[in-house]
Amino acid sequence: IEISMTEPARAELENVLKTSSSTHIRIIGKDLGESAQAGLVLDEPRKEDETLQLQGIDFVYNRHERELFHQTVIDFKDSWYGQGIVVCSPLSEPC
């Protein structure tokens, strides 16, 4: 699986984990046919999960959703729309 994370996203997620009882961040995905949606939630590993460590942060995802996350980029955006984590993949809408 090929997932990357920008430095602003790493810093933001590190801060979130410091104030949480969770030790992992789950990458969630939804196959919509010709496209997909992805997001992140605080969670703990489950039996059907695979674990990925990026820049010192532990991510988990369901192994059956693996193809949804190929070439995914996790970023932090700060614009006049607001700020937050953005998860982009070739299957999702343009970021």
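First, a word on what this report is: a plain description of the structure on this page. (Residues numbered from 1 in each chain as written. Predicted model: local features only at pLDDT ≥ 70, side-chain atom pairs only at ≥ 80, totals over all residues. Heavy atoms only, no water.)

## Thoughts on unusual backbone geometry
Formally: Secondary structure counts use DSSP, requiring at least four H or I residues in a row for a helix and at least two E residues in a row for a strand, with both numbered from the N terminus. We call a residue buried when its accessible area falls under 20% of the maximum for its residue type, exposed when it is over 50%, and partly exposed in between, using a 1.4 Å probe and counting protein chains only.
Even without a glycine there, the phi angle at Q55 is positive, about 50 degrees. With respect to the secondary-structure elements, Q55 resides in the loop between β4 (49-54) and β5 (57-62). Phi at Q71 takes a positive value of approximately 65 degrees, unusual for a residue other than glycine. Among the secondary structure elements, Q71 is positioned in the loop between β5 and β6 (72-79). On the accessibility criterion, Q71 (40% relative accessible area) is partly exposed.

## What to know about the sheet that holds strand β1 (residues 3-5)
Rule in force here: For two strands to pair, DSSP has to find at least two bridges joining them. Interaxial angles span 0 to 180 degrees and are taken between N-to-C directions of axes, which are lines fitted to C-alpha atoms, for helices over the stretch in contact.
One open sheet holds the three strands; their spatial order is β1-β6-β7, and the pairing between them is mixed. Two strands close off the open sheet at either side, each with one partner strand: β1 and β7 (82-88). Across the sheet, the mean angle from the axis of one strand to that of its neighbour is 20 degrees, orientation sign disregarded. Direction of pairing for β6 relative to β7: antiparallel, over a ladder of seven bridges.

## Some points on the pairing of β6
As judged from the three bridges shared by β1 and β6, these two strands associate in the parallel manner. Residue pairing for β6: I3 is matched across the bridge by T72. What sits between β6 and β7 in their antiparallel hairpin is a turn of two residues.

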